[in-house]
Amino acid sequence: MSRRIKYIAASIVLIALLLYYFSLPATLFSDPYSTVLQARSGELLTASIAADGQWRFPQADSIPDKFVEALITFEDKRFYQHPGVDVRAMARAFRQNMKAGKVVSGGSTLTMQVIRLSRKNKSRTVFEKAIEILLATRLELRHSKEEILQLYAAHAPFGGNVVGLEAACWRYFGRSMQELSWGEAALLAVLPNAPSLLHPGKNRTELINKRNALLDQLKQRGSIDTFACSLAKEESIPEAPLPLPRYARHLLTRAKAEAKQGLVVHSSIDLSVQQQVEELVEVHHKQLAGNQIHNAAAIVLKVSTGEVLAYVGNVTGDKTSRHHNEVDILAAPRSTGSILKPFLYAAMLEEGKILPHTLLPDVPTYINGFSPKNFSKEYDGAVPADKALIRSLNVPMVYLLKEYRYEKFHSLLQELGMTSLSQAPDHYGLSLILGGAEGNLWDITGMYASMGRTLTNFFTHPGRQKYSARDVHEPIYTVVSKDSTNTQETLEITAPLRAAAIYETFTVLTNVFRPGEESGWRYFNSSKKIAWKTGTSYGFRDGWAVGITPEYAVGVWVGNADGEGRPGLTGTDAASPLLFSIFSRLPATTWFKEPRTEMEKIVTCATSGFIASSLCDKRDTLWVSAGTHAPVCPHHQRVHLSADGKYQVNSQCSAVSAIKTENWFVLPPVQEYYYKEKVISYKFLPPIHPACHEAAAAMEMIYPKNQARIFIPRNLSGDKGQVLFQAAHNQSSMRIFWHLDGTYVGSTQGLHQLALQPEKGRHVLTLVDEQGTALVRTFEVVSDM
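Residues numbered from 1 in each chain as written. Predicted model: local features only at pLDDT ≥ 70, side-chain atom pairs only at ≥ 80, totals over all residues. Heavy atoms only, no water.

S.K.: Please set out the overall build of the chain residue by residue, giving values where relevant.
M.R.: Looking only at helices and strands, the chain features 22 helices and 28 strands. Taken over the C-alpha trace, the chain has a radius of gyration of 39 Å; the compact-globule value for 785 residues is 28 Å, which it surpasses by more than 25%. Its C-alpha atoms give the chain principal-axis dimensions of roughly 135 × 70 × 70 Å. When the 785 residues of the chain are sorted by exposure, 52% land in the buried category. By sequence separation, contacts in the chain at least 24 residues apart represent 67% of the contacts at least 6 residues apart. When the accessible surface of the chain is split by element, carbon and sulfur atoms take 53% of a total near 36000 Å². Averaging the locations of the 83 positively and 75 negatively charged side chains of the chain gives two centres separated by 7 Å. (Helix = DSSP H or I, 4+ residues; strand = E, 2+ residues; numbered from the N terminus. Rg over C-alpha atoms; globule rule 2.2 N^0.38 Å. Buried < 20%, exposed > 50% of the residue type's maximum accessible area, 1.4 Å probe, protein only. Contact = heavy atoms within 4.5 Å. Areas by Shrake-Rupley, 256 points an atom, 1.4 Å probe, with all protein chains shown as cover. Lys, Arg positive; Asp, Glu negative; His and termini not counted. Charge placed at Lys NZ, Arg CZ, Asp CG, Glu CD.)

Written out as C-alpha cells, the structure reads:
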C-alpha cells in the first residue's frame, strides 16, 4: 500500500473519529422545565408548569433504587453490561419483527431511548435506528450509567402532559419519588413504554396486568419476596392526575421573576411554619371579609440569618376572583402609615437628641402648608417620646423628623434596606414619617429583622468594633449555608443604628397596652415578650403590624389590593390580631440582652423627661445611649411669689422678705392649653401682681402661624367661607381683644377662637390681653374663591 493511500486512510479514520466525537450535541435536551420550589428540608412547596405546557421537573441528582430496579428489569436487563447497544436484544427484536411481519420490538436499550427522546421520537426507520446506535455509544463514553438513568428519568413521558419521574410521582401519587412503593415503582416503569395508551385514567386493566407482570419478574430476580410482591399487586391505580401542592405560591412567582425560571429553588421555607401561617391568614381573612377586606399577607423571618420561614403573599383565591388574589402583597408598594416611626425614634436616641421620656409638642401644627393631625384628631399639648411612639401620635413624630431632618431620615431608611424610596427626599418632605412614602412588607419586615440582628450580634464581637455591615440586609428566601456565615467579616465601630438605641426602642415597643393608638385602648395578651408596631394608611387602606423577638420577625399586612379603604381597617384592629396569632404558633422565644457597655446612667427630670436641672424637684435615673446630647430641662423655672402664693412678684413691687421662691413646671402657652385638659395636676403660673410691671410671654398663636398663607374655600351654599383663628393664654380667665389690620373685631375669654372673613391679600392680626400684653402676627389670604 502506497504512502498516499495510507495517508488518505488515516485521514478518513481521523475525520470519522472527529465526527464521532462531535456527533453528540453538548446539550442533549433543550426542553423548558417547570420551576420547582422546595422547603428547607426538601419537601415540595409548589411548582409551575413548563413554558411548553408540560409538567417537566428539572433533572434530579439521584433516582430511587426501586424505580431503577423496576426499570432495568422491564426495559434493559443488561443495562450495566452493554456499551449502549445490546446486540443480543437487537437480534431478538429482529427475529420477532421478521416473524410478525411488522415492527413489534425495537431492541432499544435505555441509552438508545434517551437518544430517541432527545431527538423528539423521530420515525422508526433503519437509518434513524443506526443514528440512535451511534449516538448511544457516544453517550456511554460521555456519561456514567447513573447519569444516563437520570437523563431518562427526567425526560421520559408518563402520560398526558406529565414528563419525568419526579413530576409523575407528584401528579399520580402526591409525593416525592424517594417515597415510591414497589407497586408504584413498577407502574411508573411500564408507563413510558406506551404513555399514550397506558394512562392511569384509562386502560386500567391493561396497565394493571403490565405492572403485575413486572412485579412477578422482580420476584423471580430476587428483588422482592413473595409477600412484598403480593402487597404491591394490591395497590390501587390512581384515577387521575392530582393537583400539586400550592404552598408559598407567590414566592414561586418571585423566584421566577428573579431569574430562577426552570430551576429547583431550595428555599429557606419551613413547611410546618408555612402551613400554619397560611391557615391563620385564611382564618383571619374570613373574619375580615365581612367588612369587605379581601386581601392579607404575612412573612416570618429567622432574625439571625434573615431567612424566610413563611411567605404568604396573599389569601387563596381562584382565577375568577375579583379581589386580585394573584397579587404578591409582600412585594407591592403600599402607604406605610406609622410603621416607620420606630426607626426615627431610634435615630433620635442614637444622636442623643431625645431621651425615652422627653416631652414632645403635641399641638396643632402648620409647617410650610403641611398640617399633620393625630389619628384621634385630639392633642395632648405635650407627650413623652416613648408614649408618642406607643400611641403612634403623628404630631410629635413630625416635630422629631423636623429636628432630625427628613433628608437624613430618607438616607437612613435606604441604608436599612427600604428600596421603594424612588423619589428625592424633597418629594416626601415631613410626610415621610406619616405614610407619605410607599414601602413593601418584604423590605419593612427585613428592616426590623436587621435591627434585631444588629442588637443580637453586638454581643458576639469582642473589642470596640462590634458592628458588621452584613447584619443589615434584605430577607433571604434561599438556605443560608454555614460557610457563608463563617467567612471573614469587617467589623466597624458604628452602624446605621447602634445596639443601645435599638434596645431602648424595642423596650418601648413591648408595651401590650396601646392607649389611643389609632382606635382607642387595646390590650393584647401574649405569653411572649414581643416588640411590635402597627401602622394605618390614610383613608383606612392599609393595616400594618410588625413584631420582633431575638429569634423571629413577623410582618403582617391587611387591606384591599385595589386600594379601597374600609372603616375599621387599622393596624391595631385588623392586622395585630393576626400578628399575635402567628407568634403564638412559633416556638418559644427569648428577649434581647441590654447592651450596658454602650449605655450610661443619667439623672432625668421625672416631669419633663429631659436631663434634670437644679430646678427639677422630682428625678429619675435611666440607662440610655452613651454620649447623649439631650438638653437640660427647659420647663422648670424659678418663680417669685407673694406670701400667699397668689401672684408672681419681684423686688420692684414687693419686699424681698415677703417673697417666697418655688420651682415651677411651665409649658409654652399653646402646649399647656391642651396639656391642662389631659393632666389635671398641671398648675398654671399665678398671674403677675398688678403692682408689678414685668412682661411675660403669656400668649401664643395657634392658628395662623406667622407669615402663613391661607386659602379660604366657599361653603356648600356658595357663600364665602370663614377662617377660624385660635390662640392660647396661660391664664384661662384672661380676656383677649382681637384686631385685624388695626380694626377691633371682637374679644374672647376661656376658649380663644374667633371666626373671620379676611379679604384676599396680606393682613396684620394683633391680640392684646387685659394686662396690655400684645401679640402681632402677619398672614396672607391667597384666594377667597
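Right, picking up where we left off after that structure.
S.K.: Hey, could you go over the layout of surface pockets for me, with residue numbers and the actual values?
M.R.: Put simply, the second largest pocket is a space of about 550 Å³. What lines the second largest pocket is a set of 22 residues, among which K373, N394, L434, S537 and Y538 lie closest to the centre. In the lining of the second largest pocket, the residues fall into six nonpolar, 13 polar and three charged. (1 Å grid on protein atoms, 1.4 Å probe; cavity = no way out; pocket = protein on both sides within 12 Å on 5 of 7 lines; lining within 4 Å. Points joined across faces, edges and corners; volume = space filled by probe spheres on them. Nonpolar A, V, L, I, M, F, W, Y, C, P; charged D, E, K, R; others polar.)

S.K.: Residues and numbers for the sheet that holds strand β24 (residues 735–740), please.
M.R.: Spatially, five strands are ordered β22-β28-β27-β24-β25 in an open sheet, and the strand pairing comes out mixed. Edge strands, defined here as strands with exactly one partner in the open sheet, are β22 (708–711) and β25 (743–749). Here the strands of the sheet are splayed against their neighbours by 30° on average, with no regard to which way each runs. Pairing of β24 with β25 involves six bridges; the strand directions are antiparallel. Residue L740 lies in a different strand from β25, and its bridge partner there is T743. (Pairing = 2+ DSSP bridges. Axes fitted to C-alpha atoms, helices over the stretch in contact; angles between N-to-C directions.)

S.K.: Would you mind going over the packing of helix α13 (residues 341–350) against helix α16 (residues 406–416) in detail, with residue names and values included?
M.R.: The interhelical angle for the contact between α13 and α16, taken along N-to-C directions, is 110°, at an axis separation of 11 Å. As far as their axial angle goes, α16 and α13 are roughly perpendicular. For the pair α13 and α16, contact is made by F343, L344 and A347 and by F409, L412, L413 and L416, respectively. When grouped by side-chain class, the residues that make up the contact of α13 with α16 number seven nonpolar, no polar and no charged. (Parallel < 35°, antiparallel > 145°, perpendicular 65-115°, else oblique.)

S.K.: How would you explain unusual backbone geometry if you had to name every residue and give the values?
M.R.: Going from Y703 to P704, the amide bond is cis rather than trans, its omega being 0°. For Q292, which is not glycine, the phi dihedral falls at a positive 60°. Relative to the elements of secondary structure, Q292 occurs in the loop between α12 (271–289) and β6 (295–302). At K377, a residue that is not glycine, the phi angle is positive and equals roughly 65°. Within the fold, K377 resides in the loop between β9 (359–362) and β10 (381–384).

S.K.: Run through the pairing of strand β27 (residues 761–769), naming residues and quoting values.
M.R.: Of the pairings in the sheet, the one linking β24 to β27 comprises five bridges and is antiparallel in character. Bridge pairing in β27 links F737 to V768. Note: β27 against strand β28 (residues 774–783), eight bridges, orientation antiparallel. When the sheet's bridge partners are listed, V764 is paired in β28 with T778.

S.K.: Which residues make up the packing of helix α4 (residues 110–118) against helix α6 (residues 145–155), and what are the values?
M.R.: For the pair α4 and α6, interaxial distance at closest approach is 9 Å and the crossing angle is 45°. The orientation of α4 with respect to α6, classified from their angle, is oblique. In this structure, α4 meets α6 at a crossing whose hand is left-handed. Here α4 contributes L110, T111, Q113, V114 and L117 to the contact with α6, which in turn contributes I148, L149, L151, Y152 and H155. Taken together, the residues that form the contact of α4 with α6 break down as seven nonpolar, three polar and no charged. (Left-handed = near helix turned anticlockwise from the far one by under 90°.)

S.K.: Now, about the nonpolar core: what can you tell me, with residues and values included?
M.R.: Counting residues in hydrophobic clusters, the biggest one holds 80 residues, and the most contacted among them are F343, L344, F409, L413, L497 and F506. Element by element, the count of residues in this core is highest for helix α18 (residues 441–457), at eight residues. Sequence-distant contacts of L413, that is, excluding residues within four places in its chain, are made with L340, F343, M418, L421, L432 and M447. Grouped together as the second largest cluster of nonpolar side chains are 58 residues, V36, L71, F79 and L139 included. (Core = buried A, V, L, I, M, F, W, Y, C linked by side-chain atoms within 4.5 Å.)

S.K.: Describe the environment of H294, with residues and values.
M.R.: Residue position: H294 is located in the loop between α12 and β6. Assessed through its relative accessible area of 13%, H294 is described here as buried. Put simply, H294 and P192 are 102 residues apart on the chain and 45 Å apart in space, counted from C-alpha to C-alpha. In contact with H294, other than residues within four places in its own chain, are H285, A289, V315, H323, N325, G559 and N560. Within the local environment of H294, its side chain forms a polar contact with the side chain of Q292, the two groups lying 3.2 Å apart. (Polar contact = N/O pair within 3.5 Å; in protein donor to acceptor, adjacent residues only side chain to side chain.)

S.K.: Can you break down empty space enclosed by the protein residue by residue, with the values?
M.R.: What the rule picks out here adds up to five cavities of 30 Å³ or more. Taken as a whole, the largest cavity holds about 90 Å³ of empty space. Along the walls of the largest cavity sit 15 residues, with P58, A60, A153, A154 and E166 positioned nearest its centre. Among the secondary structure elements, those contributing two or more residues to the lining of the largest cavity are α6 and α7 (165–173). Residue composition of the lining of the largest cavity, grouped by class: 10 nonpolar, four polar and one charged.

S.K.: Let's hear about the packing of aromatic side chains: which residues, and what values?
M.R.: If you walk through the whole model with that rule in mind, you get 19 aromatic pairs. Ring centres 5.4 Å apart and planes at 85° place the aromatic pair Y675 and Y682 in the edge-to-face group. Judged on exposure class, the residue Y675 and its partner Y682 are both buried. For the cation-ring pair, K466 lies above F458, with the distance from its terminal atom to the ring centre recorded as 5.1 Å. (Phe/Tyr/Trp six-rings, centres within 6.5 Å; stacked < 30°, edge-to-face > 60°. Lys NZ or Arg CZ within 6 Å of the ring centre and 35° of its normal.)

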